[in-house]
Amino acid sequence: MRSWWIIGACLLVGLGVLPGQKPFFRVHPFPEEFRQVRINEMLQASSNYIWLGTTDGLFRFDGEVVLSVEFPQPGGPFSVTALYEDRQQTLWVGLESGAIYFMDHSGALQLWEIEEGHPAAAITAFGEDPAHQLWISTYGEGLYCWKGGRLYNFSREDGMSGEEIYDMGVDSFGQVWCGTDQGISLVRWKDGSKVVEQLSLDQGLPDEIVRFILTDGQCGIWVGMHDGGLCRINPRSHKVDFSLPDWDLGVVSALACFHNREVWIGTETNGLFRLDLKAMELEPLPLSQGRPTNKIYALLRDSEGGVWVAGNTPGFYSTNRQFEFVENSPGDIQSVLACPHGQVWIGTQKGLFLKPVLRDTFLSILPQLPLNVISLYEDTFQNIWIGTFGDGVYIYRHSDGKFSHIGEGRQLQNGSVLSMDGAGPTIWLATLGGVTEFILEGDPLDNGTIRSKSYGQESGLGTNFIYRVMVDSKGRTWFCTDGKGLSVLENGAITTYSHADSIPLKAVYSIAEDHMGQIWFSTPDRGLFKFDGQHFSTISLKEGIRNLSISGIATTARGQLLIVHPSGIDLLNPQTGHLIYFDQEVGIPDAEPNLNTLHADNSGNIWIGLPTGLIRFTSLGPQLRIHPETHLERVSAMLEPVNWWEKNEFSHEENFLVFEYVGIWLTDPESVTYRYQLDSWDRDWIYANDRRATYSALPPGRYTFRVSSTENGAFKDEPIVSYSFRILPPVWRRPWFILLAMAALSALFYGIVKNRDARIKRIEKLKQETIKSQYEALKSQINPHFLFNSFNTLVAFIEENPKLAVKYVERLSDFYRVILAYREKERIPLEEELQLVGDFGYLLNQRFGDNFSLSIQVTPNAGFVVPLALQMLVENAVKHNVVSKNKPLRIRIEQVDDDYLLVANNMQQKFTAEPSTGFGLTGIINRYALLTDRQVVVEQKEGEFRVRLPLLK
Amino acid sequence: MKEIIIFQTLSFMLSLFVLPGYLSGQQVFITNEGTLKFKSDAPLELIQAASTEMRGAISPSERTFAFSVPMASFQGFNSPLQREHFNENYMESNKFPDATFTGRIIEEVDLRQPGEYTIRTKGMLTIHGISQERIIKTNVLVEGTKCTISGTFTVLLADHAITIPKVVHQKIAEEIEVEVAATLRIKSN
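Residues numbered from 1 in each chain as written. Chains lettered and ligands numbered in written order. Predicted model: local features only at pLDDT ≥ 70, side-chain atom pairs only at ≥ 80, totals over all residues.

1. Quick notes on the overall build of chain A
Then comes step 1: When you go through chain A residue by residue, the secondary structure sums to seven helices and 75 strands.
Then comes step 2: A compact globule built from 953 residues would reach a C-alpha radius of gyration of about 30 Å, whereas chain A, at 55 Å, exceeds it by more than 25%.
Then comes step 3: With the principal axes as the frame, chain A shows a C-alpha extent of 185 × 85 × 50 Å.
Then comes step 4: A total of 953 residues make up chain A; the buried ones form 42% of that total.
Then comes step 5: Counting contacts in chain A only where the partners sit at least 6 residues apart, residues at least 24 apart contribute 53% of the total. (Helix = DSSP H or I, 4+ residues; strand = E, 2+ residues; numbered from the N terminus. Rg over C-alpha atoms; globule rule 2.2 N^0.38 Å. Buried ≥ 20, exposed ≤ 12 C-beta atoms within 10 Å, placed from the backbone. Contact = placed C-beta atoms within 7 Å.)

Here it is, written out as C-alpha cells:
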C-alpha cells in the first residue's frame, strides 16, 4: 500500500522516471567476423561460462574471449532462440528452426534425437520442473513436455490460450507459465492429465500480450508485457500482487530480478531501466555513449553480483551490481554520511553537499560558510553535525536551515574534528586535541543544553591526536590514535593497547566492528588487525591484502569487511579470511582516498567517498560466488583428447598427458591464477598462469590430478577439482602376467625335474631288473638240476660218441660265455639271442632227443630283444611242461606282425610243478615295460602257451 | 475440449465409413488397405506380423485424420498358436477389436498441394482399449489424387495395459516397433 503511495507521489512530482546512482558498464566486443550478430539469449552455466545465443550461432564467453561453438550439422545460420541448463548441468540449445541440441561432456553440440521429431516452429524457452521433466515452448506449436521418454504437446485444443508462446518459465511448484498473445497459460500435469489454466485481463493482468516470463525462484513470477509494463504474480494464489500503472515505455523484452531489491527491465524501444522495489524508483540505465542502446534483447544476472545486457548496439555489456557510481557527485570527498531516510551528505574542502532522497543532484548546504568538512554525524534529533578542519563543529537542521556553531573553546578543546560517532544522546568528537564527549539534553537547536567532557593525554589516552572514534555494539568507545595505538573507554576507564600481542601499534587509522562483535582496525604499516577481546591477529599482504595504505574499513550488511585502499576495494570474509578484489574491472578508479570516507547506512549499503566521486556498495544476497569456478576442460593423451569423464585408465604407451583447465571469474578474469599438482608425481603445488599442465613419460601407477584457481592469489579455501586415473603397466609387468609366467616356469621346471627323476628311476629299475634277470639266469643255468641233466647227457655221449660229446661241451661252454657276455646289456640284437637260443636248443635236443623240437622262423636282423628273454621263455617251457615220447614238446619262435616275436609251445603241464621263483616271465614283462610302451602279451590259446615280445628298435 | 475433439473425430470417421456423402464439397484421402507392421525384437525371439486392412482418412482442409486397424487382421507371427495368444491373451481382440489413431497434424501443411512432407501428427493412440496421447512423425508424398504415407513409431506395452508374464519378456519386447505404410486416394463427397 505504501509503495503505491510512493509511486503516486513520484507521479505527482511529474517524475515518471528518476535518475540515481549508476552501475558502471563495461562493453565486451564480439569478434570482428561476428560483428553483425544479434544476441537473443544469455545464460550463465554452472561452470560460470556465459553462453550467448545469437542469430548466428552459439558463443561461449569466459570473461575475456568470445568463442563460437560449432553445430554438428552443416548449414546455418543457426539462430539460437533459447538456452537452458538443466539440473544435470546439460546445456540445451533451441533454434529458430525448431531444432533442439544439447551439449555433451566433451563440450560438443549433439542433435537431440527423438522419435517424435523436432518442432517446426521457433523454440522460445526451456524449463525443467521438480519432476525433472523438460518443457519446451515454441512460437507456433504451443508447448511441449518431455515426460517419461515421450514428447507431449499442449496446443489450443488442450486449452492453451495460444500456440505462439513468447516466453515460458517453470516455477518451483512445477507450474509452467506460458506468455501468449492472449495472456498467460498456466500448465501442469495432474495425475497424468493436462491441466491448463488461463490468466488474462479478467484475472488482473494489465495487458494480455505477455512477452517475458521470469520464474526466478526467489523473486516470484515477474511478467513483462507488450503495453502494460511489468507485473508480479503470486505463484500460489495466481493473483497479480504488483504492477506499474501508466507504463508508457513500450514492450518489455527482458527482465532480471534481485531478490526484493530491484528489477531490471529491458524494453524494445526505450533501453534499460531499473525499478528499485524499496524506493519504488524507476530509473533509466544508459548503456553506451553516442548511439543509444534502446532495444534490449536479453538480460542476465550472474552469480558474482553482475548483470549482463545485450541490445542493439554491438557487443554486450556487463556491470557489477555491488558497485554503483553516484552521478554529479563532488570530488575529493573527505566525509560521507548516509541517513536512514535516504539523504546522503558529503563533506569536502569546499563545503557540505546534500543528495536529497530520489535525486541525483547535490545541493550545496550553508554555502555562505567557508566549511572544510572532514566529519559528519546525525544525532537523534536528525540534526547534522558538521566537523570541520580548524573551525569546530556546526549543528545543522535541514528542514528549516537552522544551525549553530561550537568553535574551539571551553566546550571543544580543539577545532579540528576528524571523526564523530555516538549512541543515543551521547556524541563523541575525535579531534587533534583529544576527545570530547557531548551529552545532549534536548535538541541543541531548540534550546537544548549540551554537557561536555574532555579526554586527553591526562585521562589516559596516549596522545591527543585522535583519527577516529567508534561506539561499538557493547557500548564501548574506541579511539584510533596517532602513534599510541588503540584505546578503549569502557565503564569510565580507558585501556590503551600499544601492542597487538607482541607487535607494537603506532598509528591506527580506521576501525569497524563485525557481526560477531570482533573489532577490526587498520594501521598504515602493518595492515589490518582483528581483536576478539582476548587476542589480536593480523591480516596483511601475506594474507592477500593488496595495499597496506588502508584508508577506511566498514562492515557490510552481510558481515563482510570492506577495505578501501589506493589499489581499489577488498572484501574480506571475517570468518574464512577470504578476500575478493574489486578495481578498474568494476569501475573503481586508482586513487588515493581520504581517511575514513565511508559510511554504512541502515540498509547495509556502504557509501564510499573517493577523490573521483561517490560510490555505493550494495551487499547482495543470497550467497554470491566468491571463487572462480574451476573445471577441467580437456584431458589429452598423446595429444589426442580423451573422454576423461568416463575413462580413467591409460595404457603404458599413453603416458604423455595434457590437462586443460579453466577458472572462470567474471568479475576480473585476468586476475585468475592456478595451481595444480599431480599426486604421487609432483611434490608440491605448481603455481601457474596458463590453463594447461603437461606431463610426459609418466611411469605406470595411480595418479590424481588436482587443480584450483584463485582470483586473489591466496589459495586459502578454493575448491579443488580433481581427476584420478591409472596408467597401466605394460602386459609383461602386470601382476597377473608375472604370476602366470612364474607359474608356467615352475611347471616347466617341475616337469623337467619330474621327467628326469622318472628317467633316473626307470634306469635304476631297469638296472635292477637286469641284474635280477642275470642273477636268475645264472642261477637257473648253474642250477644243479640243469647241470645234473647236462652232465648226464654228456656222460651218455662220452663213450658212445666222443665227437658229439666234445661238441656238446663246446656248445655248453658257448652258452655260458654268451650269458656272461650279455648279462650287462639292456638289449641285444635278435641275431645274437637266436644264437644263444640255438645253443640252448641244441643242448636240450641232445637231452630230450625227438621229444623236444625248437623251430625258429625269424629274420635274423629284425631288431633287438632283451637279452636272455627267448632263452628264458624256452627254459620256462621245458620247466613247466612234460617232455616225453608220447607228449613231445614243440616250441615255435616266429616273427609276427613284423615287429613282434611269438614264442609258443603246446601246453602239457606237469602234474608236479617245478618250484618257481615267479621271476622268469614277470621279469621279462618288467624289463620290456621299462624299454618300450608296447606290451608283452601272454595268452593261452588253441592249447598253446603264447608269449608275444615286441621287437625293439 | 478434449471430448469435443474426440467427438468430432468420431463423427468424422462415421462420415467416412458409414455415411459417405454426408459431407459435401470436402476432399478427403482415404484407404481401406493400408499396411501396418509390427515387430517385437526380444532377446530370444523376433516376432513380426502385419495387417493390410488398415483403414484411414485424412482431411487436408481440417488437418485431421483417423486410422483404424482390426486386431484380428494381423498375419505373420512365428506360429498359429502365437497369433492366437496375441489375439486372445494380450490384445483381447474380442473386447477391443480395433487399434485406432485419430488426431490432428501439427504442421500447417496443405496436403492438397502435391509434394513431399514430413509432418508430425498429434493424436490419441488407442490400443487394447487404452488411449495415449502421441506425437508421431510421418512422411507424406502427395501426387495428384494419391497420398502415400509412411512412418515408424514405438509402442510401450505398459502404456496400453498389455500385461505379459515376466518370463515371456525374453520372448516379447516391452517396446514394439510399428511401421505404417499406406496409399490413400482422394475422394470427393
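2. Section: the overall build of chain B
Then comes step 1: Helix and strand counts for chain B come out as two helices and nine strands.
Then comes step 2: Helices and strands in chain B line up, N terminus first, as α-β-β-β-β-α-β-β-β-β-β.
Then comes step 3: In chain B, the proportion of contacts linking residues at least 24 apart, taken out of those at least 6 apart, comes to 61%.

3. A short note on the pairing of strand β13 (residues 143-147) of chain A
Residues and elements named next belong to chain A.
Then comes step 1: Pairing of strand β12 (residues 134-139) with β13, which is carried by four bridges, proceeds in the antiparallel orientation. Note on β13: the bridge partner recorded for Trp-135 is Cys-145.
Then comes step 2: Between β13 and strand β14 (residues 150-154), which follow one another and run antiparallel, lie two residues, and Gly-148 among them has a positive phi close to 55°. (Pairing = 2+ DSSP bridges.)

4. Here's the deal with the interface of chain B and chain A
Then comes step 1: Taken together, the contact between chain B and chain A spans 11 residues of the former and 11 residues of the latter.
Then comes step 2: Mapped by element, the contributors of at least two residues to the side of chain B that touches chain A are β6 (115-127), β7 (130-143) and β8 (146-156) of chain B.
Then comes step 3: No other element matches β7(B), which puts three residues into the side of chain B that touches chain A.
Then comes step 4: Residue composition of the side of chain B that touches chain A, by class: five nonpolar, one polar and five charged. (Nonpolar A, V, L, I, M, F, W, Y, C, P; charged D, E, K, R; others polar.)

5. Things to note about the confidence of the model for chain B
Residues and elements named next belong to chain B.
Then comes step 1: Overall, the prediction assigns chain B a mean pLDDT of 84, with 86% of residues at 70 or greater.
Then comes step 2: Looking over chain B, one finds the lowest element-wise mean pLDDT in helix α1 (residues 2-17), namely 48, and the highest in strand β3 (residues 64-70), namely 94.
Then comes step 3: Low pLDDT (under 50) marks residues 14-24, which in the prediction has 11 contacts with non-local residues, meaning those over four places away or in another chain.
Then comes step 4: Taken over the whole predicted complex, pTM reads 0.75, whereas the ipTM for its chain interfaces reads 0.80. (pLDDT = per-residue confidence, 0-100.)

6. Some thoughts on the sheet that holds strand β54 (residues 561-565) of chain A
Residues and elements named next belong to chain A.
Then comes step 1: Taken in spatial order, the four strands line up as β53-β54-β55-β56 in an open sheet, and their pairing is antiparallel. A strand with exactly one partner marks an edge of an open sheet, and here the two such strands are β53 (552-555) and β56 (579-582). Direction aside, the axes of adjacent strands within the sheet are offset by 20° on average.
Then comes step 2: Across four bridges, β53 lies against β54 in antiparallel orientation. By the bridge assignment for β54, Thr-555 is matched with Leu-561. (Axes fitted to C-alpha atoms, helices over the stretch in contact; angles between N-to-C directions.)

7. Re the sheet that holds strand β27 (residues 296-301) of chain A
Residue and element names in this part refer to chain A.
Then comes step 1: With respect to topology, four strands assemble into an open sheet ordered β2-β29-β28-β27, the strand pairing being antiparallel. Strands with a single pairing partner mark the edges of an open sheet, and in this sheet they are β2 (26-28) and β27. Sheet twist, expressed as the mean angle between neighbouring strand axes with direction ignored, is 25°.
Then comes step 2: Note: β2 against strand β29 (residues 316-320), three bridges, orientation antiparallel. Paired with Arg-26 across the strands is Ser-318, a residue of β29.

8. Considering the packing of helix α4 (residues 802-822) of chain A against helix α5 (residues 830-848) of chain A
Residues and elements named next belong to chain A.
Then comes step 1: Interhelical geometry of α4 versus α5 gives an angle of 140° and a closest axis separation of 9 Å. The pairing of α4 with α5 is recorded here as oblique in orientation. When the axes of α4 and α5 are compared, the crossing they make is left-handed. Facing α4, whose interface residues are Tyr-808, Arg-811, Leu-812, Asp-814, Phe-815 and Val-818, α5 presents Leu-836, Asp-839, Phe-840, Tyr-842, Leu-843 and Gln-846. (Parallel < 35°, antiparallel > 145°, perpendicular 65-115°, else oblique. Left-handed = near helix turned anticlockwise from the far one by under 90°.)

9. Quick look at the pairing of β12(A)
All names here are of chain A.
Then comes step 1: Of all six residues in β12, six are buried, a share of seventy percent or more.
Then comes step 2: Here β12 shows a buried face lined by Leu-134, Ile-136 and Thr-138 and a second buried face lined by Trp-135, Ser-137 and Tyr-139.
Then comes step 3: Where strand β11 (residues 122-128) folds back on β12, the antiparallel hairpin that results is connected by five residues, among which His-132 adopts a positive phi of roughly 65°.

10. Some points on the domain arrangement of chain A
Often, the extent of an interface is quoted as the loss of accessible area upon association of its parts.
Residues and elements named next belong to chain A.
Then comes step 1: With domains assigned, chain A is organised as domain 1 (1-30 + 264-321), domain 2 (326-617), domain 3 (629-733) and domain 4 (746-950).
Then comes step 2: The distance between the C-alpha centroids of domain 2 and domain 3 comes to 48 Å.
Then comes step 3: The partner domain 3 presents nine residues to the 10 residues of domain 2 that form the contact.
Then comes step 4: Classifying every residue of the side of domain 2 that touches domain 3 gives four nonpolar, four polar and two charged. (Domains from an automatic or database assignment.)

11. Topic: the nonpolar core
All names here are of chain A.
Then comes step 1: Core analysis: the largest hydrophobic core is formed by 116 residues, its most contacted members being Leu-143, Val-223, Leu-230, Leu-255, Leu-299 and Val-309.
Then comes step 2: The leading source of residues in this core is strand β23 (residues 252-258), at six residues.
Then comes step 3: Lining this core are residues from two domains, each supplying at least three of them: domain 1 (1-30 + 264-321) and domain 3 (629-733).
Then comes step 4: If we ignore the near neighbours within four places in the chain, the residues touching Leu-255 are Phe-212, Leu-214, Trp-222, Gly-224, Leu-230, Val-263, Trp-264, Ile-265 and Leu-299.
Then comes step 5: Grouped together as the second largest cluster of nonpolar side chains are 85 residues, Ala-430, Ala-512, Leu-572 and Ile-608 included. (Core = buried A, V, L, I, M, F, W, Y, C linked by C-beta atoms within 7 Å.)

12. Section: unusual backbone geometry
Residue and element names in this part refer to chain A.
Then comes step 1: One non-glycine residue, Asp-332, lies in the positive phi region at around 50°.
Then comes step 2: You will see that Glu-942, though not glycine, has its phi angle at about 50°, which is positive.
Then comes step 3: As for its placement among the helices and strands, Glu-942 is situated in the loop between β74 (937-941) and β75 (944-950).

13. Side note on α4(A)
Residue and element names in this part refer to chain A.
Then comes step 1: For α4, spanning 21 residues, the distance from its first C-alpha to its last is 30 Å, which sits close to the expected 30 Å at 1.5 Å a residue.
Then comes step 2: Residues of α4 that are buried include every one of Tyr-808, Leu-812, Phe-815, Val-818 and Ile-819, and no others. Projection of α4 onto a plane perpendicular to its axis shows the buried side chains occupying an angular sector of 125°, all on one side. Within α4, the exposed residues directed more than 90 degrees away from the buried face are Pro-802, Lys-803, Glu-810, Ser-813, Arg-817 and Leu-820. (Expected span 1.5 Å × (residues − 1). Arc of directions from axis to C-beta.)

14. Remarks on the packing of helix α6 (residues 869-880) of chain A against helix α7 (residues 920-931) of chain A
When two helices pack together, their arrangement is given by the angle between their axes and by how far apart the axes lie.
Residues and elements named next belong to chain A.
Then comes step 1: Running from N to C, α6 and α7 point in directions that differ by 155°, and their axes come no closer than 10 Å. It follows that α6 is roughly antiparallel to α7 by the angle criterion. As α6 runs across α7, the sense of the crossing is left-handed. Across the interface between the two elements, Ala-869, Met-872 and Asn-876 of α6 pack against Gly-920, Leu-921 and Ile-924 of α7.
Then comes step 2: Class assignment of the residues belonging to the contact of α6 with α7 gives a composition of four nonpolar, two polar and no charged.

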